[in-house]
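Structural overview
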Amino acid sequence: MPLTLDQLNAASPAEAAALLDGLYEHSPWIAERALARRPFASIHQLKHAMVQVLDEAGRDAQLTLIRAHPELAGKAMVSKTLTAESTHEQSASGLTNCSPAEFERIQQLNAAYNARFGFPFILAVRGPRGTGLTRAEIIATFARRLGNHPDFELREALRNIHRIVEMRLNDKFGFAPTFGNQVWDCAELLAQHSDPGYAEQGQLTVTYLTAAHQACQAQLQRWMSDCGFDEVSVDAVGNVVGVYHGSDPQARRLLTGSHYDTVRNGGKYDGRLGIFVPLVAVRELHRAGRRLPFGIEVIGFAEEEGQRYKATFLGSGAVIGQFDPAWLEQRDADGITMREAMRAAGRPGTLEAIGAMKRDPSSYLGFVEVHIEQGPVLNEIDLPLGVVTSINGSVRYVGEVVGMASHAGTTPMDRRRDAAAAVAELVLFLERRAAGVPNLVGTVGMLEVPGGSINVVPGRCRFSLDIRATTNEVRDACAADTLAELERICTRRGLHHTLEETMRAAAAPSAPEWQARWERAVESLGLPIYRMPSGAGHDAMKLHEVMPQAMLFVRGLNSGISHNPLESSTNDDCDLSVRAFQHVLEQLCSELS
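Just so it is clear, the structure is predicted and the values come from calculations on it, not from any experiment. (Residues numbered from 1 in each chain as written. Predicted model: local features only at pLDDT ≥ 70, side-chain atom pairs only at ≥ 80, totals over all residues. Heavy atoms only, no water.)

Looking now at the overall build of the protein. Helix and strand counts for the protein stand at 22 helices and 16 strands. Taken against the 2.2 N^0.38 rule, which gives 25 Å for 593 residues, the C-alpha radius of gyration of the protein at 26 Å falls within 12% of a compact globule. Taken along its principal axes, the extent of the C-alpha atoms in the protein is 75 × 70 × 45 Å. Considering only contacts in the protein between residues 6 or more positions apart, those separated by 24 or more positions represent 77%. (Helix = DSSP H or I, 4+ residues; strand = E, 2+ residues; numbered from the N terminus. Rg over C-alpha atoms; globule rule 2.2 N^0.38 Å. Contact = heavy atoms within 4.5 Å.)

This is the structure we're talking about:
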């Protein structure tokens, strides 16, 4: 019979420790110390207690734990001296059936890894879905992590140990993250649609109104219908809209959703997670035949990334009545205007149809969005969920510094007009300036010396600036200082420059009452509340302009990397996001009853 929390909470210390035996490899002390924090209100609280115990134990204890683990497909597997748990996990991933070439490659990696880090490679081989990684995935991950910094890799090993324990604990309690599995499977299925040129390479790219984009539209429509939405449609710009009526069909609605387009060679969760989570929640309501005192409207926004046309937040902007008519005449790389692309995709391509999409904010309670974090913070602190306090305001520039190209060998150092050196100074200034203020970031993401040569002093250097902060005032102060520094650098070096502001977005602080709802939802799961700003922009920024909004972040794997094929999340973390969303719905029910 599966273990229950009541059993665990009521057991004596020795009995409780025996119930949790086998979680951490040859290290029962972690569970024993965590048990001192009983009673546990949820399995998630127990998991986090063990994370805290190991974190507090210090580096020496952590290294001892890591070294207690066997190598993958190593001597212990060959000699059949693995623990029962490790035997099951390595067998499930096919490591016991390696080909001679695979086995030789893993042994090479084991040796190289131990030489570099001094401990064995740890990987949760059952993977983010719990069904097992392939041998090819394991070998690729092994090779990639060899390049990590030793301190980072130690933390990565611990994170994988906690993931191993999470799945072992699920087995003990007979817990299956059913909602998370549904979300995870949706991410995999929707990622089968990708633009030509990328699909053939196994890369995910879905840009506005391409065939892959339209295939995603159709798939989202089918899922919304299957989940029991009362109305499912595609609007004038390609947003996929599902409405689940409240007990009174005329009642105000909770608006939620995110975007389904991607960057080039992107990940499976950015934006899309915020569509799948409410779909699963509505499916459960429909299965139970339950209506709430408010409606739920889920929008899969057609465009947020601005990859095909320079029109970021097109989908959410159109919903609030902010569609720039000039966008219709923009041309993509193939010379196709947005209007032509819309009509080819079965959209009207008229301002009248787009204008009719504008929502009346008084018809909505507010907007919430679930999103993968797209950063390393939650991953580093081993927390599955974070509550967003504000979406950073941002400003972007593109510029060029112009000096004089000259011979690298014959131009004395004191007579150079080096454009690249000037921009290098600016990069370091921005780095120092942003590092000195909390929640302020500054980035020079593009640097180019047109026609550069190894033996020529750069006469021109093109660059970008991206400055973000939780408030517009902090952002603008940094921008003003950076532009002033650019002027000083160019004057001192005898250069001139051009600079163009290409984007400005206001900060979007979370509505206090909606942020509090997310906080109560996280707390109900037995997890600590972690408040954090969003450095990335989201559709919630646009909805913020007309209604209250708040976001929930979900931890990402692989140091939270995003806009990258390595972007991922676990079924357990996805499951928690669905449960948090459901709790917000229940809070609203109580408030409106």
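Core analysis: the biggest nonpolar cluster contains 101 residues, and Phe323, Met338 and Trp518 have the highest contact counts within it. Beyond its immediate chain neighbours, meaning those up to four positions away, Met338 contacts Tyr208, Tyr309, Ala311, Leu314, Phe323, Trp327, Leu328 and Gln330. Leu3, Val53, Tyr113 and Phe119 belong to the second-largest nonpolar core, a separate cluster that totals 51 residues. (Core = buried A, V, L, I, M, F, W, Y, C linked by side-chain atoms within 4.5 Å. Buried < 20%, exposed > 50% of the residue type's maximum accessible area, 1.4 Å probe, protein only.)

Time to look at the packing of helix H20 (residues 512-524) against helix H22 (residues 571-592). Relative orientation of the contacting elements H20 and H22 amounts to 120 degrees, with a least axis distance of 8 Å. Classed by the angle they form, the pair H20 and H22 counts as oblique. Taken as a pair, H20 and H22 cross one another with a handedness that is right-handed. Here H20 contributes Trp514, Arg517, Trp518, Arg520, Ala521 and Ser524 to the contact with H22, which in turn contributes Ala580, Phe581, His583, Val584, Gln587, Leu588 and Glu591. Here the residues of the contact of H20 with H22 sort into seven nonpolar, three polar and three charged. (Axes fitted to C-alpha atoms, helices over the stretch in contact; angles between N-to-C directions. Parallel < 35°, antiparallel > 145°, perpendicular 65-115°, else oblique. Left-handed = near helix turned anticlockwise from the far one by under 90°. Nonpolar A, V, L, I, M, F, W, Y, C, P; charged D, E, K, R; others polar.)

Right, let's get into the environment of Ile372. In this structure, Ile372 sits in strand S5 (residues 364-372). Apart from residues lying up to four places away in sequence, Ile372 is in contact with Tyr269, Asp270, Leu273, Phe553, Val554, Arg555, Gly556, Glu567, Ser568 and Ser569.

Below, the discussion takes up unusual backbone geometry. For the bond running from Arg38 to Pro39, omega is 0 degrees, close enough to zero to count as cis. Inspection of the secondary structure puts Pro39 in the loop between helix H3 (29-35) and helix H4 (43-57). Backbone geometry at His26 places phi at a positive 55 degrees, although glycine is not the residue there. Its location among the elements puts His26 in the loop between helix H2 (13-19) and H3.

What the rule picks out here adds up to nine aromatic pairs. Ring centres of Phe121 and Phe142 lie 3.9 Å apart, and the angle between their planes is 10 degrees; on these two criteria the pair is classed as stacked. Pair noted here: Phe121 is in the loop between helix H8 (100-117) and helix H9 (135-145) and Phe142 is in helix H9, with a separation of 21 residues, a long-range link. Phe142 shares its class with Phe121; the two are buried. A cation over an aromatic ring shows up here: Arg517 above the ring of Trp514, its NZ or CZ 4.3 Å from the ring centre. (Phe/Tyr/Trp six-rings, centres within 6.5 Å; stacked < 30°, edge-to-face > 60°. Lys NZ or Arg CZ within 6 Å of the ring centre and 35° of its normal.)

A few words on the side chain of Arg168. With respect to the helices, strands and loops of the structure, Arg168 is situated in helix H10 (residues 150-173). Taking relative accessible area as the criterion, Arg168 reaches 7% and is therefore assigned buried. Here Gly22 takes part through its backbone oxygen, which lies 3.2 Å from a polar atom of the side chain of Arg168. (Polar contact = N/O pair within 3.5 Å; in protein donor to acceptor, adjacent residues only side chain to side chain.)

This paragraph deals with the pairing of strand S12 (residues 460-469). Counting buried positions along S12 gives eight out of 10 residues, so the element sits mostly inside the fold. Inspection of the sheet shows strand S9 (residues 440-443) paired to S12 by four bridges, in the antiparallel sense. Looking at the pairing, Val441 lines up with Arg468 of S12. Two elements, strand S10 (residues 447-448) and S12, share two bridges in a ladder whose sense is antiparallel. Looking at the pairing, Glu448 lines up with Arg462 of S12. (Pairing = 2+ DSSP bridges.)

For the rest of this paragraph, the subject is helix H13 (residues 273-287). End to end, H13 covers 21 Å across 15 residues, agreeing with the expected 21 Å (1.5 Å per residue, within 8%). Here H13 lies mainly inside the structure; 11 of its 15 residues are buried. Among the residues of H13, Leu273, Gly274, Ile275, Phe276, Val277, Pro278, Leu279, Val280, Ala281, Val282 and Leu285 are the ones counted as buried. (Expected span 1.5 Å × (residues − 1).)

Okay, the state of the cysteines next. For the structure shown, the criterion picks out zero disulfides. Cys490 supplies the cysteine sulfur nearest to Cys461, a cysteine that is in no disulfide, at a spacing of 10 Å. (Disulfide = S-S within 2.5 Å.)

Let us now look at the pattern of salt bridges. Taken as a whole and assessed by the stated rule, the structure comprises 41 salt bridges. With a closest N to O distance of 3.7 Å, Arg155 and Asp55 form a salt bridge. Residue Arg155 is located in helix H10, and its partner Asp55 is located in helix H4; the two are separated by 100 residues in the primary sequence. Classification of Arg155 by relative accessible area gives partly exposed; the value is 23%. The exposure class assigned to Asp55 is partly exposed, which follows from its relative accessible area of 47%. A single network of salt bridges, built from pairs that share partners, joins Lys47, Arg163, Glu166 and Asp572. (Salt bridge = Lys/Arg side-chain N within 4 Å of Asp/Glu carboxyl O.)

Glancing now at the packing of helix H11 (residues 178-190) against H13. Running from N to C, H11 and H13 cross one another at 130 degrees; their axes reach a closest spacing of 9 Å. With respect to their mutual orientation, H11 and H13 come out oblique. Pair H11 / H13 crosses with right-handed handedness. Contacts from Phe179, Gln182, Val183, Cys186, Ala187 and Leu190 of H11 reach H13 at Leu273, Phe276, Val277, Val280, Arg283 and Glu284.

A few words on the environment of Phe103. The topology assignment puts Phe103 in helix H8. With a relative accessible area of 29%, Phe103 lands in the partly exposed category. Taking the C-alpha atoms as reference, Phe103 lies 40 Å from Val578; in sequence the two are 475 residues apart.

Along the polypeptide, Ala479 turns up in helix H19 (residues 472-493). Taking the C-alpha atoms as reference points, Ala479 and Asp466, 13 residues apart in sequence, are found 9.0 Å from one another. Dropping the residues within four chain positions of it, Ala479 is found in contact with Val395, Tyr397 and Ile467.

So, on to the side chain of Arg145. Looking at the element boundaries, Arg145 is found in helix H9. Excluding residues that lie within four positions of it along the chain, Arg145 makes contacts with Tyr113, Phe117, Phe121, Ile122, Leu123, Glu153, Glu156, Ala157 and Asn160.

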